[in-house]
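# Examination of the molecular architecture
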Amino acid sequence: MPARRFDGRRVRAVRRAAELTQSEVAKAVGVADPTVASWETGQSSPDGEKLPALARVLGRALDDLFPRAGMPDLTDLRCDAGYSQYRTKDLIGTKSAGPVANAERGRRRLKDSYAHLLAEGYRVSLGELLAAQERSFGSDAPAPTGAGADPVAQVPRSLAEKITYLLRHSYPGRQTPPTDAEIAEAVSEHAGGPVISEDGVRNLRTGAERTASPVVCEGLARVFGVSPMFFQPDDAVARQVLEGLRLLASARKGAVGRVEARGLGSEGLPEDVLSFLNEVVAEMQERDLPGQ
């Protein structure tokens, strides 16, 4: 599979534009100062697992600064997650990185348990990881669809898919996504007390737990800056939207003069949505649209 394209001259230009020294970049990436200099002059290139940290310190998105054509294989996924091959032994709980090395070289496929652990460690879906494995074995595997597919390539529906989607899309290259512990702390702070632990967030993110309390969902929405409706089940959201449309239809016919959240109970429409609907109703009444 094609590795990410590294251009030392572009790295130097971006570093200078960011007003960073080679020493500052080296410290952030974990290498010696002369190493950064050799990268920029084209005398050497960084290992793939160094590129995410290099992109972060330079304030650029990984795909923007180091583009790659084609779909990733196992080596690409590991590097994009910032792991050396040796460190993967800690992810799968083995004494050596042999299972990962063999899979990356197309010699022996990963055990199911290792595949699940690597997917969690790399923060990708199991479908993404298995497709990357097939590419490591020489198969031109397309991006997965359907069950086990990459949640980014389809509409996120479960809590795990929604959290994964936001972690991958809400943070540009210059921002590091929050850890499970940081999410748990932020949610509990919003709730005014300990409502979820680091393990609890991890279980939601990986799908080990499929549901969360309303207070946790509200806290997650606050952490990621989205509407609380984003974390509600699809059928609950659909019921609210449908009720709103019915109320609009009634208002259009003159059956009601103002939209209210009656009949919706604790799952009532948010105030901003109600305000919007009321504005629409008022506009229709002012215009005295035909058919009222």
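In what follows, the structure referred to is the one given above.
To start, this report covers the structure provided alongside it. (Residues numbered from 1 in each chain as written. Predicted model: local features only at pLDDT ≥ 70, side-chain atom pairs only at ≥ 80, totals over all residues. Heavy atoms only, no water.)

### Details of the environment of Gly8
- Within the fold, Gly8 resides in helix α1 (residues 8–17).
- Of the residues examined, Gly8 reaches a relative accessible area of 10% and is grouped as buried.
- Taking the C-alpha atoms as reference points, Gly8 and Glu40, separated by 32 residues in sequence, lie 3.9 Å from one another.
- Contacts of Gly8, omitting those with residues within four sequence positions, involve Trp39 and Glu40. (Helix = DSSP H or I, 4+ residues; strand = E, 2+ residues; numbered from the N terminus. Buried < 20%, exposed > 50% of the residue type's maximum accessible area, 1.4 Å probe, protein only. Contact = heavy atoms within 4.5 Å.)

### Overview of the side chain of Arg135
- Structurally, the position occupied by Arg135 is in helix α10 (residues 126–136).
- One polar contact links the side chain of Arg135 to the main-chain carbonyl oxygen of Pro72, over a distance of 2.5 Å. (Polar contact = N/O pair within 3.5 Å; in protein donor to acceptor, adjacent residues only side chain to side chain.)

### Some remarks on the pattern of salt bridges
- Counted under the stated rule, the structure contains 18 salt bridges.
- With its nearest N and O atoms 4.0 Å apart, the salt bridge here joins Asp7 to Arg9.
- Taking relative accessible area as the criterion, Asp7 reaches 34% and is therefore assigned partly exposed.
- In this structure, Arg68 engages Asp76 in a salt bridge whose closest nitrogen and oxygen atoms are separated by 3.9 Å. For the pair shown, Arg68 and Asp76 are each scored as buried.
- Sharing partners across several salt bridges, the network here consists of Glu120, Arg123, Asp180, Glu198, Asp199, Arg202 and Arg205. (Salt bridge = Lys/Arg side-chain N within 4 Å of Asp/Glu carboxyl O.)

### Topic: the side chain of Arg78
- Here Arg78 is to be found in helix α6 (residues 74–80).
- A polar side-chain atom of Arg78 sits 3.0 Å from the main-chain carbonyl oxygen of Tyr83.
- For Arg78, the residues in contact, after removing those within four places along its chain, are Glu49, Tyr83, Ser84, Gln85, Thr88, Glu104 and Tyr122.

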